[in-house]
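# Examining the three-dimensional arrangement
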Amino acid sequence: MFYGRATPKIDEKGRFFLPAKFRDQLASGLVMAPFYDHCLAIYPMATFTALAERAASWPASVSRVRDYQRELAGDADDQVPDKQGRVRIPSYLREYAQLGDEVLVRGALERVELWNPQVYAERHAASQEAYANMDDQIWPEA
């Protein structure tokens, strides 16, 4: 499980330091992929594999399924963090997430999300009231 946040710098090679609390779970390999809302998702290799296997079992005759499969796999990048805990964000993923020289790294339970800090701040501010009122939608009374 991933939780918490950090705001590391992105170096000239497109690398950033994974927060120490996430490193052990990602040390053996990870997959970075575009995610909703113009952020990136980092999954442990096993989590991504399970997600991809589930998506591969869906009928490719459905156009939305094909679109999802393409988005999930087509721009995904697998890698192993270096000995210092750095991960490289490919340029096409930096562009998708509008990342500059800083990244907001947020735990999101089964994944880590990478955000442009300003984009996240705007999204977070806009969603606060909805978050405060979503209990009934997520956990309806039995």
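Higher on the page you've got the structure.
Counting of residues starts from 1 at the beginning of each chain's written sequence and follows it residue by residue. Residues qualify for local features only when their pLDDT is at least 70, as the model is predicted, and side-chain atom pairs are given and counted only at 80 or more; totals for whole chains, interfaces and linings, by contrast, use all residues. Think of the side-chain values as coming from all heavy atoms in the structure, minus any hydrogens and water.

Now for the layout of surface pockets. The space that makes up the largest pocket amounts to roughly 630 Å³. Buriedness of a pocket was judged along seven lines, with at least five required to meet protein on both sides within 12 Å; pockets are open sets of points on a 1 Å grid over the protein atoms alone, cavities are sets where a 1.4 Å probe fits but cannot get out, and lining residues have an atom within 4 Å of a point. In terms of lining, the largest pocket is formed by 20 residues, of which the most central are R106, E113, Y120, S127 and Y131. In this text, helices come from DSSP runs of H or I with a minimum length of four residues, and strands from runs of E with a minimum of two, each type numbered from the N-terminal end. At the level of secondary structure, the elements contributing two or more residues to the lining of the largest pocket comprise β7 (104-108), β8 (111-115) and α5 (117-132). Counting residues per element, the lining of the largest pocket draws most heavily on α5, which supplies seven residues. Polarity classes work like this: nonpolar for Ala, Val, Leu, Ile, Met, Phe, Trp, Tyr, Cys and Pro, charged for Asp, Glu, Lys and Arg, and polar for all others, with Gly in that last group. Taken together, the residues that form the lining of the largest pocket break down as 10 nonpolar, four polar and six charged. Around the second largest pocket, the lining residues are A33, P34, F35, Y36, Y43, L51, Y68, E71, L72, D75 and Y96. In the lining of the second largest pocket, the residues fall into nine nonpolar, no polar and two charged. Grid points are joined across faces, edges and corners, and a volume is the space filled by probe spheres set on the points.

On to the packing of helix α2 (residues 45-56) against helix α3 (residues 63-74), then. For the pair α2 and α3, the least separation of the axes is 10 Å and the interaxial angle reads 155°. Judged by the inter-axis angle, α2 sits roughly antiparallel to α3. For the pair α2 and α3, the sense of crossing is left-handed. Contact with α2, carried on its side by F48, L51, A52, A55 and A56, involves Y68, Q69 and L72 of α3 and no other residues of that element. To get an axis, a line is fitted to the C-alpha atoms, and for a helix only the part in contact is used. The angle between two axes follows their N-to-C directions and goes from 0 to 180 degrees. Put simply, angles under 35 degrees are roughly parallel, angles over 145 are roughly antiparallel, angles from 65 to 115 are roughly perpendicular, and the rest are oblique. If you view the pair so one helix is near and one far, a crossing is left-handed when the near helix is turned anticlockwise from the far one by less than a right angle, and right-handed when it is turned clockwise. Only heavy atoms enter the contact rule, under which two residues are in contact if any of them lie within 4.5 Å.

Moving on, we get to the side chain of D77. Secondary-structure assignment places D77 in strand β5 (residues 77-79). The side chain of D77 sits in the buried core without any salt bridge; R88 is the nearest counter-charge, 4.4 Å away. Throughout this description, a polar contact denotes any pair of N or O atoms lying within 3.5 Å of each other; where both atoms belong to protein, one of them has to be capable of donating a hydrogen while the other can accept it, and for residues adjacent in sequence the pair is counted only when both atoms sit in side chains. In this structure the side chain of D77 is engaged in a polar contact, spanning 2.8 Å, whose partner is the side chain of Q79. Not counting residues within four places of it along the chain, the set of residues in contact with D77 comprises L30, V31, M32, R88, P90, Y92 and L93. Each residue is assigned to one of three classes by its accessible area relative to the maximum for its type, calculated with a 1.4 Å probe on protein chains only: buried under 20%, partly exposed between the two thresholds, exposed over 50%. All tallies of charge rest on Lys and Arg as positive and Asp and Glu as negative; His and the ends of each chain are not included. Salt bridge, as applied in this entry: a Lys or Arg side-chain nitrogen positioned within 4 Å of an Asp or Glu carboxyl oxygen.

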